[in-house]
Number of protein chains: 2
Amino acid sequence: MVQVEQDIMAANQRYADANRRLFAQRGIFAVNLVSSPGSGKTSLLVKTVEALKGEIPVAVIEGDQQTGLDAERIKATGVPAWQINTGKGCHLDAHGVGHALEHLPELQGGILFIENVGNLVCPAGFDLGEAHKVVVLSTTEGEDKPLKYPDMFYASDLMLLNKSDLLPYVDFSVEKAEAFARQVHPSIKSITLSARTGQGMETWLAWLRAAAALARIAA
Amino acid sequence: MVQVEQDIMAANQRYADANRRLFAQRGIFAVNLVSSPGSGKTSLLVKTVEALKGEIPVAVIEGDQQTGLDAERIKATGVPAWQINTGKGCHLDAHGVGHALEHLPELQGGILFIENVGNLVCPAGFDLGEAHKVVVLSTTEGEDKPLKYPDMFYASDLMLLNKSDLLPYVDFSVEKAEAFARQVHPSIKSITLSARTGQGMETWLAWLRAAAALARIAA
């Protein structure tokens, strides 16, 4: 079993390296969005691509076990999207992402969003070739998640505390969530936002724009 | 011996984590410049900080086995610098960098340059808390270095091919150097430049400005 797992991870890493090389050549900033189910990743993505689409090339790869619902929501904004159904799989892999790219525009100098399968465990270990994993934690989930799922918060460079509009109605401490996340990953960044009300969205968009600007240089 | 090495690396990682946390809190972009001796790192740094100093807070930590010559060259530009002498050590470590920070200004939203000891082996394994290692390879050194010192080129996210003004006089192929570097590290970026003539400096400065902008967001 150990040998099999090593083979899978080594093969995934080769495909991830190939994706990363392609992103570097094209000056693409690729971000891998991870979270538990229901954190609001797709709603956040819809608002995000609507804000960016006139300004910079954007596209989305959607991962779910079944259905093409999320890709349909993105495509309704006019932004290209490709759905991967993982079937029994609990995470996207780099090989599948590479093939999804064949169905999307070239995105020279743009941003590729990869929305992973809703799962706080499996996607942590699979490099897709992205520049950063971004973990979305919603205020309805409790602030203990970074301690319970440390691998994911260690693998992510940015934490989005989504559904900030519900903070008055839930027992959730932003300070505690950030302290727990930094216990696992001392330099993780954190943005509190609400895809619904727009609060904090400008900081998230500024982070995306700055990262995309960096990816374009010397590409 | 194995146990001793593990202890040293684990201790270094704890100090590196602390440095990285401090950089994140202050919105500092920290870059760790590595190369063989004589690649022109200090001359490049002098030109770099001269270009940036009116625009953004900058400071430099210099690492050498002996002498304070490099820090003196930086300080002559009016930019704060602190020299670390490693004695018999062939690389900087995160603990030493943490103490050097006590002698430098806070640098809120700025760029910290760490010039490592000239050595293409030892510094590769030591995280200092930097955002990126940047490897400087000069055109007089031959384009085979990425293959001979793969750990360093794997650890570095950007390669600066320095002394481009000497390209007409040396047997050095930029294409081969880049191909070799990408063989080791598929997504490594590459900028060809000359600290002496200024060729390519604007691309390097643009990369630094974009990375510093990213570091400031959500800090």
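Computed from a prediction, not measured in an experiment: that's the story for all the values here. (Residues numbered from 1 in each chain as written. Chains lettered and ligands numbered in written order. Predicted model: local features only at pLDDT ≥ 70, side-chain atom pairs only at ≥ 80, totals over all residues. Heavy atoms only, no water.)

**A word on the relation of the copies chain B and chain A**
The relation between the two copies of this chain is a rotation about an axis and a shift parallel to it.
Working step 1: Note on the copies: chain B fits chain A at an RMSD of 0.0 Å, the axial shift is 0.0 Å, and the rotation between them is 180°. These values place the two chain copies in the arrangement generated by a two-fold rotation axis. Closest to the rotation axis within chain B is the C-alpha of A210(B), separated from it by 3.1 Å.
Working step 2: An overlap of 100% is found between the interface residues of chain B and their copies at the interface of chain A, pointing to a shared contact surface. (Least-squares fit on C-alpha atoms with pLDDT ≥ 70 in both. Contact = heavy atoms within 4.5 Å.)

**Side note on helix α1 (residues 2-26) of chain A**
Residue and element names in this part refer to chain A.
Working step 1: Between its first and last C-alpha, α1 extends 36 Å over 25 residues, near the 36 Å set by a 1.5 Å rise per residue.
Working step 2: Buried within α1 are the following residues: N12, A16, N19, R20, F23, A24 and R26.
Working step 3: G27 sits one or two residues past α1 and shows a positive phi near 65°. (Helix = DSSP H or I, 4+ residues; strand = E, 2+ residues; numbered from the N terminus. Expected span 1.5 Å × (residues − 1). Buried < 20%, exposed > 50% of the residue type's maximum accessible area, 1.4 Å probe, protein only.)

**Considering the state of the cysteines**
Residue and element names in this part refer to chain B.
Working step 1: Here the structure, examined in full by the defined rule, presents two disulfides over all chains.
Working step 2: Across a sulfur-sulfur distance of 2.4 Å, C90 and C122 are joined as a disulfide pair. Residues C90 and C122 are joined by a disulfide whose S-S torsion is about -105°; by sign, that bridge is left-handed. Here the residue C90 occupies a position in the loop between β3 (81-85) and α4 (94-101), and C122 occupies one in the loop between β4 (111-115) and β5 (132-138), the gap between them amounting to 32 residues.
Working step 3: Relative accessible area serves as the criterion here: at 26%, C90 is assigned to the partly exposed category. (Disulfide = S-S within 2.5 Å.)

**Here we look at the sheet that holds strand β3 (residues 81-85) of chain A**
Paired through their backbone hydrogen bonds, the strands of a sheet run either parallel or antiparallel.
Residue and element names in this part refer to chain A.
Working step 1: A sheet is described by the order of its strands in space; here seven strands give the open sequence β3-β2-β4-β1-β5-β6-β7, paired in parallel fashion. The two strands at the open ends of the sheet, each matched to only one other strand, are β3 and β7 (189-192). Sheet twist, expressed as the average angle between the axes of neighbouring strands with direction ignored, equals 20°.
Working step 2: Both strand β2 (residues 58-64) and β3 contribute to a ladder of five bridges, which runs parallel. If you follow V60 over to β3, its bridge partner there is A81.
Working step 3: Lying on the sheet, helix α2 (residues 41-52) is in contact with β1 (29-35), β2, β4 (111-115), β5 (132-138) and β6 (156-162); it crosses β4 at an angle near 170°.
Working step 4: Where helix α8 (residues 201-216) meets the sheet, its contacts fall on β1, β4, β5, β6 and β7, and the angle it forms with β1 comes to roughly 140°. (Pairing = 2+ DSSP bridges. Axes fitted to C-alpha atoms, helices over the stretch in contact; angles between N-to-C directions.)

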